[in-house]
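Notes for the structure review
Below are the chains, spelled out letter by letter.
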Amino acid sequence: MASIVDAGTTGSRTAPAAGQPRRRPPRSLAWLGIVPFFAFALLFLIGPTVYLIFGAFQTPSGALTFDNIIGLFTPQIMAAYSISIQVSLASAAFGALVGFFIAYAIVHGGLPGAIRPTVVTFAGVASNFAGIPLAFAFLATLGRLGLVTLFLKDTFGINIYTLGFNLLSFWGLTITYLYFQIPLMVLIITPALDGLKKEWSEASEILGASRWQYWRMVGLPVLAPSILGCFLLLFANSFGAIATAYALTGSSLNIVPILLYAQIRGDVLYNPNLGYALAFGMIVITGCSNVLYLWLRARAERWRQ
Amino acid sequence: MTNSRLVPFAIVAVGALYFFLPLVATFEFSLSMLRGIWSFEAYRVVFDDPRFRETFVFSVVAALATIVLGALLVVPTAYWVRLKFPRLRPLVEFITLLPLVIPPIVLVFGYLRLYNSSSFLPFTGSALGTNILLVFGYVILSLPYMFRAVDTGMAAIDIRTLTEAAESLGARRPTILFKVILPNVRAAVLSGAFLTFAIVIGEFVLASLLNRPAFGPYLALMGANRAYEPAALAVIAFAVTWACMALLQVVGSQAPGRSRSGRSLFKLGRRAAR
């Protein structure tokens, strides 16, 4: 009897009669339930990516080659990768730094109780306010006719554009990216700061450690994997970003996603397979930083029991 | 005491300034279309533009289709994997996180090469096919949020007991899935849905490269050609994002035992849309 009940609950409609020798079928059709998901992921996520990766190692006629990868090391493409990496590094570094201090202020700063939920909710919205509207917002703020630009010019007589600032430049893009990088940092580092136990700082204080010694020998070593992990996540986050940069600078700032966008639109590199290599390079960079992030996060979890 | 609070307070105040200034500036800019006075002229122009309405409706429909398709794909899979293939869960979770690793522009590049009009699945051969491909792409972009939301939702209810109880009452699979499991994870599906909506509504890269008349490419076009309308559009887009996040909070706080799931989803951010 038990076997019939078993067969019934495992989903088979053709349960063998109790007397017959038991066959395997009871579970044989269960795998059908996950086929749609894997088929979908294969067709629209993994397949297209693998196709591009293979394409990066092929000539247009299909033969194996490393010319495309070597072709990435030309001045034009290297310049694009270099500026992309610089913008991502700068926005991730400043985002991590500022985000850390804001998170620390709301977690351990002793501020009124309503501040923390307010900041966290706003960070949730701001980290999702990206893409083209963000570029518009910064054009209205720091563009040539932006509110802050005009305010500084009319009130203090400081023209930031004659001083060399340009929103459509490296620093302009970095400042704009910080608008979603800082909130993201606040959101992902807050739990880690919560894990920083009060007992640790009290214990070190009792043992005669200064504030600085506590941070150097207890706080930062515990938080280091989290901070570094968040930094990598922010890096990957801005590396793949395109819409903000595209709306802000058009094609005047030659970052990798914009070069790839132009390549897809009009084969500006005059070699389709070089475009695959460009995409391959992007996957390698975001992939590496994400893998490192996951590894560091696993390390950071140890302190959070 | 006051001195030790002064520094954190100053940090938060400066941060608030950095985050509110662009919003204030954008709003001010959007009101100053008519010389010398503040008016809602830019908004009037935007709302009167038939292309605004067409592209906005297109993106709303695409977002709703994405949510329905995404839920239909994710809910049964998350349920079935938890019930029958718990050992496959890490693999499924890994796949759903891949869209955060693979930049959307790379993904759509693959689509254009793999599904062109001379391929085995010529999606881009027709307008309808391209629309379908666009929605499929959006489902992929929303997978990390949708799966995480639904999977945390499933973790909070005892699906095994619910399934057995329904089975002993004679319910069949579709009945169990749609009448027992789905209502129990409805809050989770909804919070995934609001994030998906926020992602899809202003998405630019996929829509632009697949050449669809969506809201994102329209925003880019306006940004390149107009002065004041983009600011009005940015305010509208920000309002939509706020609405989605507010609804997410409301839904998240109502879900039993899942008060933090909405917030942890925030962390993922709207990376796909960039």
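Each residue is numbered by its place in its chain's sequence as written, counting from 1. Going through the entries in the order they are written, you letter the chains from A and number the ligands from 1. Per-residue local features of the predicted model are confined to residues with pLDDT of at least 70, and side-chain atom pairs are confined, for both listing and counting, to 80 or more; whole-chain, interface and lining totals are unaffected and use all residues.

When helices and strands are tallied, chain A shows 13 helices and zero strands. Secondary structure is summarised from DSSP: a helix means a run of H or I of at least four residues, a strand means a run of E of at least two, and numbering begins at the N terminus for each. Listing each helix as α and each strand as β along chain A from the N terminus yields α-α-α-α-α-α-α-α-α-α-α-α-α.

Within chain B one finds 13 helices and zero strands. Projecting the C-alpha coordinates of chain B onto the three principal axes gives extents of approximately 75 × 70 × 30 Å. The burial label depends on the number of other C-beta atoms within 10 Å of a residue's C-beta. Counts of 20 or more mean buried, 12 or fewer mean exposed, and intermediate counts mean partly exposed, with C-beta atoms placed from the backbone. Here chain B holds 274 residues, and the buried ones make up 52% of them. Distance between backbone-placed C-beta atoms decides contact: two residues are in contact if it is within 7 Å. The contacts in chain B between residues at least 6 apart in sequence include a share of 73% that link residues at least 24 apart.

With that settled, the discussion passes to the packing of helix α12 (residues 256–266) of chain A against helix α13 (residues 272–301) of chain A. Residues and elements named next belong to chain A. Relative orientation of the contacting elements α12 and α13 amounts to 150 degrees, with a least axis distance of 10 Å. As summarised for this structure, α12 and α13 are arranged roughly antiparallel, according to the angle between their axes. The hand of the α12/α13 crossing is left-handed. For the pair formed by α12 and α13, the contact residues are V256, L259, L260, Q263 and I264 on the first element and G275, L278, A279 and M282 on the second. Here the contact of α12 with α13 is composed, by residue class, of seven nonpolar, two polar and no charged. Lines fitted to the C-alpha atoms define the axes, with helices restricted to the stretch that makes contact. Angles between their N-to-C directions range from 0 to 180 degrees. Roughly parallel here means an angle under 35 degrees, roughly antiparallel means over 145, roughly perpendicular means 65 to 115, and every remaining angle is called oblique. A clockwise turn of the near helix away from the far one marks a right-handed crossing, whereas an anticlockwise turn of less than a right angle marks a left-handed crossing. For this classification, Asp, Glu, Lys and Arg are treated as charged, while Ala, Val, Leu, Ile, Met, Phe, Trp, Tyr, Cys and Pro are nonpolar and the rest, including Gly, are polar.

Tallying the contact residues gives 68 residues for chain A and 71 residues for chain B. A total of eleven residues in the side of chain A that touches chain B trace back to one element, the largest contributor, which is helix α2 (residues 35–56) of chain A.

Another aspect to go through is helix α8 (residues 170–194) of chain A. Residues and elements named next belong to chain A. Spanning 25 residues, α8 covers 35 Å between terminal C-alpha atoms, matching the ideal 36 Å at 1.5 Å per step. Throughout, the bend at a residue refers to the angle made by two axes, fitted to the seven residues ending there and to the seven starting there. The axis of α8 is deflected most strongly, by about 40 degrees, at L178. For α8, the tally of buried residues reaches 19 of 25 residues, placing the bulk of the element in the interior. To estimate the expected span of a helix, count its residues, drop one, and scale the result by 1.5 Å.

With that settled, the discussion passes to the nonpolar core. Note on terminology: a nonpolar core is a set of buried residues of type Ala, Val, Leu, Ile, Met, Phe, Trp, Tyr or Cys, with members joined through C-beta atoms within 7 Å. Residues M185 of chain A together with V150 of chain B are the most contacted members of the largest nonpolar core, which totals 173 residues. A per-element tally of this core places helix α6 (residues 127–156) of chain B first, with 15 residues. Here V150 of chain B is in contact with V74, V75, A78, V185, A188, V189 and G192 of chain B, once residues within four sequence places are set aside.

Residues and elements named next belong to chain A. For the purposes of this description, domain bounds are those given by an automatic or database domain assignment. Taken as a whole, chain A is organised into domain 1 (2–56) and domain 2 (72–304). Taken together, the contact between domain 1 and domain 2 spans five residues of the former and six residues of the latter. A per-class count over the side of domain 1 that touches domain 2 returns three nonpolar, two polar and no charged.

Of note in this structure, N211 of chain B is not a glycine but carries a positive phi near 60 degrees. Residue placement: N211 of chain B occurs in the loop between α10 (205–209) and α11 (215–225).

Residues and elements named next belong to chain B. Topologically, D158 is positioned in the loop between α6 and α7 (159–168). Of the residues examined, D158 has 12 C-beta atoms within 10 Å and is grouped as exposed. When the C-alpha positions of D158 and I181 are compared, they lie 9.7 Å apart, and in sequence the two are 23 residues distant.

A separate point is helix α6 (residues 132–142) of chain A. Within α6 of chain A, eleven of the eleven residues are buried, which leaves the element mostly enclosed by the surrounding structure. Listed as buried for α6 of chain A are I132, P133, L134, A135, F136, A137, F138, L139, A140, T141 and L142 of chain A.

What follows deals with the packing of α2 of chain A against helix α5 (residues 104–114) of chain B. Working note: a packed helix pair is described by the angle between its axes plus the distance between those axes. Running from amino to carboxyl end, α2 of chain A crosses α5 of chain B at an angle of 85 degrees, the nearest separation of the two axes being 8 Å. As far as their axial angle goes, α5 of chain B and α2 of chain A are roughly perpendicular. Residues G47, P48, T49, Y51 and L52 of chain A of α2 of chain A touch α5 of chain B, and the partners they reach there are V106, L107, F109, G110, Y111, R113 and L114 of chain B. By residue class, the composition of the contact of α2 of chain A with α5 of chain B is eight nonpolar, three polar and one charged.

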